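Observations on the three-dimensional arrangement
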Amino acid sequence: MRKNEMYMSFLADSVNESLARITVAAFAMELNPTMEEIEDIRTSVSEAVTNAIIHGYEEKEGMVEIHCVLLDRLLHIEIKDNGKGIPDVEKGEKAMEPLYTTRPDMDRSGMGFAFMEAFMDSVKVESELHIGTRITMEKEIGKVEDE
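Right, let's walk through the structure included here. (Residues numbered from 1 in each chain as written. Predicted model: local features only at pLDDT ≥ 70, side-chain atom pairs only at ≥ 80, totals over all residues. Heavy atoms only, no water.)

Of regular secondary structure, the protein possesses three helices and five strands. Reading the protein from its N end, one meets helices and strands in the order β-α-α-β-β-α-β-β. Residue burial in the protein is summarised as follows: out of 147 residues, 46% are buried. Taking the contacts inside the protein whose residues are at least 6 apart along the sequence as the reference set, 64% of them involve residues at least 24 apart. Of the roughly 8,300 Å² of accessible surface on the protein, a fraction of 51% belongs to carbon and sulfur atoms. (Helix = DSSP H or I, 4+ residues; strand = E, 2+ residues; numbered from the N terminus. Buried < 20%, exposed > 50% of the residue type's maximum accessible area, 1.4 Å probe, protein only. Contact = heavy atoms within 4.5 Å. Areas by Shrake-Rupley, 256 points an atom, 1.4 Å probe, with all protein chains shown as cover.)

This is the structure we're talking about:
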């Protein structure tokens, strides 16, 4: 079994969103992904990091952590913040509903989780108020779709 691992952390500042997106995509390159798979990964990471910065910290200082693991053809991504947490993930998962946003003042579309779920094979959100949020996503690279 082939395994590789990467950790990174950076300030919760919107200028670092592209750093996260590009770094995770570059890490996955050893699996020789298609352009579509790279774009799926980049979009999902971008949405998760943006959520951490905008909703988790709400313009306060903090750090975003990313942990990636490659196991054979599976890319496992964890994105974590120590921000305010999401109050309604466990109760009906309202935060996961398309078009739901806690920041309409910032013209947020509320589609972040919907995009992650559309582009990744699995998405799991764990959150605790005043502790933070962890988003875990997985994607099998080179997966043969059923015809």
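This paragraph deals with the nonpolar core. If you look at the biggest cluster of nonpolar residues, it comprises 31 residues, and the most contacted ones within it are Val 45, Ile 66, Ile 77, Ile 79 and Met 137. Mapped onto this core, the elements with two or more residues apiece are strand 1 (3-11), helix 1 (17-28), helix 2 (35-56), strand 2 (63-71), strand 3 (74-81), helix 3 (112-119) and strand 5 (132-140). Ranked by residue count, the leading element in this core is helix 2, at six residues. Excluding residues that lie within four positions of it along the chain, Ile 79 makes contacts with Val 45, Ala 48, Val 49, Val 64, Glu 65, Ile 66, Thr 133, Arg 134, Ile 135 and Met 137. (Core = buried A, V, L, I, M, F, W, Y, C linked by side-chain atoms within 4.5 Å.)

It is worth spelling out unusual backbone geometry at this point. Within the chain, Asn 32 stands out as a residue other than glycine whose phi angle is a positive 55 degrees. Structurally, the position occupied by Asn 32 is in the loop between helix 1 and helix 2. With a relative accessible area of 65%, Asn 32 lands in the exposed category.

This part is about the pairing of strand 4 (residues 122-128). Within a regular beta strand, the side chains point alternately toward one face of the sheet and then the other, so they alternate between its two faces. Pairing of strand 4 with strand 5 involves seven bridges; the strand directions are antiparallel. Directly across from Ser 122, in strand 5, lies its bridge partner Glu 138. The loop that links strand 4 with its antiparallel partner strand 5 comprises three residues; one of these, His 130, has a positive phi angle of about 65 degrees. (Pairing = 2+ DSSP bridges.)

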